[in-house]
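# Survey of secondary and tertiary structure
The primary structure of each chain is shown beneath.
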Amino acid sequence: MGQKVNPHGLRVGVIKDWDSRWYAREDKVGDLIVEDYNIRKYLKSTLYSAGIAKIEIERDNAKVKINIHCSRPGVIIGKGGTEIEKLREQIKQSGEYIASLGDRRSDIEFVRDYFSIRADKYEALGNLSASESVIVIDGYVAEKNVDKLVAKLEKKFTVAVSVTEPPEDADIPVLLENNRFNAPMEAITEMYALPSKDDPDPSPIMAFFYYFFFGLMLSDAGYGLLMVIFTTIAKKKFKLSDKMRKTMDLYFYCGISTVFWGAMFGGWFGDIIPVIANNFFGKSLTTADIAIWMDPLSGNNPMTLLLFSFLFGICHLFLGLTVRLVMLWKEGKKLDALCDTVPIYLLVTGIAPICANMVAGGFPQTVLTVGKYLAIAGAALVVLTSGRSSKKLLGKLGGGLYGLYNVGSGYLGDVLSYSRLLALSLCTGVIAQVVNMLGTIPSNPVAKGILLFFVFIFGHTVNIAINMIGTYVHTNRLQYVELYSKFYEGGGRAFAPFGTNTKYISLKEEKVNE
């Protein structure tokens, strides 16, 4: 009673917009919020007589835009714009002062990390129970580090250590640990949600298909080769943090997959090999001639690749379904495990060849007949098992029919979603070929070679940048929407051990001989 809440907070997102509009990395958000506060505080005190009602702040990578809403704009502008010029001069002086501190950047970074460590220290101390002679520390430790931690504590301090298993209902933090091939997937999982205590770590589950789909969508061996080279150099030449090294590993493996699919489709910087052979050496060569499998841009090959995309997608969906079966089985829900997965296996496996034959034809009658009976059996089992939780016969029937509708429409949408594998693959190849075509417009061989060189460098740089972003987004989307929805819930919190969390300064403990 008696406590007041500013109504502006309730209206934001409904009838009012945010006063600060920008995006930033998690480690920058706090600094920018304080900066916005100081900007508003300075302007309101400096321009008090202007009757400022609201100050909006927008940011991008290059600049900060400030919109001032006031009742007396003339006070801010001044006669003939004199006050505006004063503000600009102040901004200029501030910029010059900041620039003059450039040679003290290392000192500023040191101070920033120093106070960051101090803040973490006092936050940790606030969570401890202590008297003049006793300190009690209660927390979590990774099971593999228990013996090492106990030995280290007993060696350095007079201490009593008690190690116990956490209770079943405890909110246990999550620490992901995988081998080098699977570890890059941890960041992908963290962007979605960390696993709860009942979830498996999805990183090793999705790793193969993540690299597989990324390479298939980018599908240019030249681009993949550049990814492999640059990530290898970065890992060898630079001192990378653990997080950045995992990112380099992610693009290294994605690069290998891209080289594989590019070689399968004959794509090396688009069709640059046939272009050079045809225009400068007088040899007739096509992308299909150097493709190990096929050129997806020629003839009826786009339809072939589309059907294979659906096939890869079904395998991906079945992987998620299999994980769900195993999870339910281990929980002792064996009937649920079978009823929730086996009918779907039969239904999708049976319908797939029938639909593929309708689109492309050429399937043996035996395969179609087997598919028909599998689909009928799967549909019947879905109807019989989906309404099993209902006690009444009518409820069971209604639940079964509704379940059949959900499974049919849901999995149809899921499978069709994998058409993006074809779409992005064709997009990369078409743009790359257009870039090469633009470079060969002149008829003069010398002019053609010079133009092709510059167009090649600029065009393929833009193409790989744009399509890598698109490929990354859509690969993540296939994991989050199609795979995770089959077995994963998330909701865990990250394990945050005691430590020195610095951004610029690396601290290393040295052993001193006593």
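The following refers to the structure shown. Remember, it's a predicted structure, so these values are computed and weren't measured experimentally. (Residues numbered from 1 in each chain as written. Predicted model: local features only at pLDDT ≥ 70, side-chain atom pairs only at ≥ 80, totals over all residues. Heavy atoms only, no water.)

This paragraph deals with helix 2 (residues 26-46). Taking 1.5 Å per residue as the helical rise, helix 2 with its 21 residues ought to reach 30 Å, and the 31 Å between its terminal C-alpha atoms agrees with that figure. Of the surrounding elements, those touching the buried residues of helix 2 are strand 1 (20-21), strand 2 (52-59) and strand 3 (64-70). (Helix = DSSP H or I, 4+ residues; strand = E, 2+ residues; numbered from the N terminus. Expected span 1.5 Å × (residues − 1). Contact = heavy atoms within 4.5 Å.)

Before going further, it helps to examine the layout of surface pockets. There is about 1,500 Å³ of room inside the second largest pocket. Around the second largest pocket sit 35 residues that line it, and Leu-32, Glu-35, Ile-39, Arg-59 and Val-64 are the ones nearest its centre. The element best represented in the lining of the second largest pocket is helix 2, accounting for ten residues. (1 Å grid on protein atoms, 1.4 Å probe; cavity = no way out; pocket = protein on both sides within 12 Å on 5 of 7 lines; lining within 4 Å. Points joined across faces, edges and corners; volume = space filled by probe spheres on them.)

As a rule of thumb, soluble globular proteins bury nonpolar side chains together. One finds Phe-213, Leu-216, Trp-261, Phe-265, Tyr-411 and Leu-421 to be the most contacted residues of the largest nonpolar core, which totals 36 residues. The element best represented in this core is helix 13 (residues 301-330), accounting for ten residues. Non-local contacts of Phe-265, meaning those with residues more than four positions away in its chain, are made with Leu-216, Ser-219, Thr-287, Ala-291, Trp-293, Met-294, Asp-295, Pro-296, Leu-305 and Ser-425. One finds Ile-205, Met-227, Ile-272 and Val-275 within the second-largest nonpolar core, a separate group that totals 29 residues. (Core = buried A, V, L, I, M, F, W, Y, C linked by side-chain atoms within 4.5 Å. Buried < 20%, exposed > 50% of the residue type's maximum accessible area, 1.4 Å probe, protein only.)

Turning next to the pairing of strand 3. Pairing between strand 2 and strand 3: seven bridges, direction antiparallel. Following the sheet pairing, Lys-54 is matched in strand 3 by His-69. Hairpin connection of strand 2 to strand 3: four residues between the antiparallel strands. (Pairing = 2+ DSSP bridges.)

With that settled, the discussion passes to the environment of Gly-74. Mapping Gly-74 onto the fold places it in helix 3 (residues 73-77). Of the residues examined, Gly-74 reaches a relative accessible area of 49% and is grouped as partly exposed. Separated by 125 residues in the primary sequence, Gly-74 and Asp-199 have C-alpha atoms spaced 62 Å apart.

By the definition in use, this model includes 23 salt bridges. For Arg-21, the salt bridge is made with Glu-56, and the minimal N-O distance between the two is 3.4 Å. Of the two residues, Arg-21 is situated in strand 1 and Glu-56 in strand 2; the sequence distance between them amounts to 35 residues. The partner of Arg-180 in a salt bridge is Asp-249, and the shortest N-O contact between them spans 3.5 Å. Linking Arg-180 in the loop between helix 6 (146-156) and helix 7 (185-192) with Asp-249 in helix 10 (residues 242-265), this pair joins segments that are 69 residues apart in sequence. Exposure remark for Asp-249: the relative accessible area of 6% places this residue in the buried category. Beyond isolated ion pairs, a larger network of salt bridges with shared partners links Asp-17, Arg-21, Lys-54, Glu-56 and Glu-58. (Salt bridge = Lys/Arg side-chain N within 4 Å of Asp/Glu carboxyl O.)

What follows deals with the sheet that holds strand 1. Pairing is mixed in the open sheet, where three strands are placed in the order 1-2-3. Looking along the sheet, the strands with just one partner apiece sit at the ends: strand 1 and strand 3. Helix 2 contacts strand 1, strand 2 and strand 3 of the sheet and is inclined by roughly 145 degrees relative to strand 2. (Axes fitted to C-alpha atoms, helices over the stretch in contact; angles between N-to-C directions.)

We now examine helix 5 (residues 105-125). With 21 residues, helix 5 should reach 30 Å at 1.5 Å per residue; the first-to-last C-alpha distance of 30 Å fits that figure. The set of residues buried in helix 5 consists of Glu-109, Asp-113, Ser-116 and Ala-124. Across the axial projection of helix 5, the buried residues extend over an arc of 70 degrees, all falling on one side. (Arc of directions from axis to C-beta.)

Right, let's get into empty space enclosed by the protein. Scanning all chains against the criterion turns up one cavity of 30 Å³ or more. In this structure, the largest cavity occupies an estimated 140 Å³ of space. With four residues, the top contributor of residues to the lining of the largest cavity is helix 18 (residues 419-438). Tallied by class, the residues present in the lining of the largest cavity amount to four nonpolar, nine polar and three charged. (Nonpolar A, V, L, I, M, F, W, Y, C, P; charged D, E, K, R; others polar.)

Here we come to the pairing of strand 2. In this structure, strand 1 lies alongside strand 2, joined through two bridges in parallel fashion. Looking across to strand 2, one finds that Arg-21 is bridged to Glu-58. Each parallel crossover has a hand, and for strand 1 linked through helix 2 to strand 2 it is left-handed. (Right-handed = clockwise from strand over helix to strand, strands pointing away.)

The quantities given are spatial measurements derived from coordinates; they are silent on function.
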